[in-house]
Amino acid sequence: MTTIFSKIIDKEIPADIVYEDDLVIAFKDIMPQAPIHILVIPKKPITNLYSIEEEDQALLGHLLLTVKKVVEKIDLTSGFRVVINNGSDGGQTVNHLHLHILGGRSLQWPPG
Ligand code: AMP
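Bear in mind that the values here come from a model prediction, so they are computed numbers and not experimental data.

Enquirer: Explain the overall build of the protein here, please?
Expert: When you go through the protein residue by residue, the secondary structure sums to two helices and five strands. For 112 residues, the compact-globule estimate of 2.2 N^0.38 gives 13 Å, and the protein sits close to it at 14 Å. With the C-alpha coordinates aligned to their principal axes, the bounding extent of the protein is approximately 35 × 30 × 25 Å. Burial analysis of the protein (112 residues in total) assigns 39% to the buried set. Taking contacts inside the protein between residues at least 6 apart in sequence as the whole, the part at least 24 apart equals 54%. With the model as given, the accessible surface of the protein reaches about 6900 Å², and the carbon-plus-sulfur share is 55%. Across the protein, the 10 positively charged side chains and the 14 negatively charged ones have centroids separated by 6 Å.

Enquirer: Could you clarify how one ought to interpret the sheet that holds strand E1 (residues 17-20) in this entry?
Expert: Paired through backbone hydrogen bonds, the strands of a sheet run either parallel or antiparallel to each other. Pairing is antiparallel in the open sheet, where five strands are placed in the order E1-E2-E3-E5-E4. A strand with exactly one partner marks an edge of an open sheet, and here the two such strands are E1 and strand E4 (80-83). Strand-to-strand twist across the sheet, computed as the mean angle between neighbouring axes with direction ignored, equals 20°. Of the strands in this sheet, E1, strand E2 (24-28), strand E3 (36-42), E4 and strand E5 (99-103) touch helix H2 (residues 57-73), which is tilted by about 150° from E3.

Enquirer: Quick question: what am I supposed to make of the site of the ligand here?
Expert: Around the ligand lies a shell of 16 residues, among which Asp29, Asn85, Thr93, His98 and His100 are the nearest. Measuring from a nitrogen atom of the ligand, one finds a backbone N or O atom of isoleucine 30 at 3.1 Å. Within the contact set of the ligand, an oxygen atom lies 2.8 Å away from a side-chain nitrogen or oxygen of histidine 100. Look at the ligand: alone it shows 500 Å² of surface, and the protein chains cover 85% of it. A total of three residues in the shell around the ligand trace back to one element, the largest contributor, which is helix H1 (residues 4-9).

Enquirer: I'm lost on the environment of alanine 15 in this one. Help?
Expert: When you line up the elements, alanine 15 lands in the loop between H1 and E1. Among the residues examined, alanine 15 registers a relative accessible area of 30% and is labelled partly exposed. Separated by 10 residues in the primary sequence, alanine 15 and phenylalanine 5 have C-alpha atoms spaced 9.6 Å apart. Setting aside its immediate chain neighbours within four residues, alanine 15 contacts Ile8 and Phe27.

Enquirer: What's the story with the side chain of histidine 62 in this structure? I'm lost.
Expert: Counting through the fold element by element, histidine 62 comes out in helix H2. Polar side-chain contacts of histidine 62 include one of 2.7 Å to the side chain of aspartate 21. Once residues lying within four places of it in the same chain are set aside, the contact partners of histidine 62 are Asp21, Leu23 and Val24.

Enquirer: I would appreciate a short explanation of the nonpolar core in the present structure.
Expert: Proteins that are soluble and globular tend to have nonpolar side chains buried together. Ala26, Ile38, Val40, Leu63, Val67, Val70 and Ile101 are the most contacted members of the largest nonpolar core, which has 16 residues in total. Within the residue set of this core, elements represented by two or more residues are E1, E2, E3, H2 and E5. Broken down by element, the residue count for this core peaks at five residues, all from H2. Beyond its immediate stretch of four places on either side in the chain, valine 40 contacts Ile25, Ala26, Leu63, Thr66, Val67, Leu97, His98, Leu99 and Ile101. One finds Ile9, Ile25, Phe27 and Leu39 within the second-largest nonpolar core, a separate group that totals eight residues.

The rules behind each value
- Residues numbered from 1 in each chain as written.
- Predicted model: local features only at pLDDT ≥ 70, side-chain atom pairs only at ≥ 80, totals over all residues.
- Heavy atoms only, no water.
- Helix = DSSP H or I, 4+ residues; strand = E, 2+ residues; numbered from the N terminus.
- Rg over C-alpha atoms; globule rule 2.2 N^0.38 Å.
- Buried < 20%, exposed > 50% of the residue type's maximum accessible area, 1.4 Å probe, protein only.
- Contact = heavy atoms within 4.5 Å.
- Areas by Shrake-Rupley, 256 points an atom, 1.4 Å probe, with all protein chains shown as cover.
- Lys, Arg positive; Asp, Glu negative; His and termini not counted.
- Charge placed at Lys NZ, Arg CZ, Asp CG, Glu CD.
- Pairing = 2+ DSSP bridges.
- Axes fitted to C-alpha atoms, helices over the stretch in contact; angles between N-to-C directions.
- Near = heavy atom within 4 Å.
- Polar contact = N/O pair within 3.5 Å; in protein donor to acceptor, adjacent residues only side chain to side chain.
- Core = buried A, V, L, I, M, F, W, Y, C linked by side-chain atoms within 4.5 Å.

Quick look at the structure:
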């Protein structure tokens, strides 16, 4: 399925990219919900955690390692949160798996 994130991967629309390699891309969220709000996505068009498969295991680990690289790169030492919204009740609006990195302020728990 083609989404706005496919267009970012294909460089058809601009994004403020903070990290990229062969498998993943990380860019700033266009509507930040915290002072730091970065999305990390696989280049493979996986919809969400409902649709991951065994063969995606290494890619999923790579996504988390990318989170670490990103927070080190931007020197986010005070803490951060990683969120994956899945499906409509989960608040997912873009049907391409993405990890939200949120930080730069004290985050509340539980989320809404
Ligand atoms: P979710 O609600 O979990 O599906 O998150 C989708 C996120 O994508 C939202 O936080 C949006 O602000 C963000 N978003 C949508 N379009 C763009 C875009 N063109 N560039 C950067 N972030 C985007």
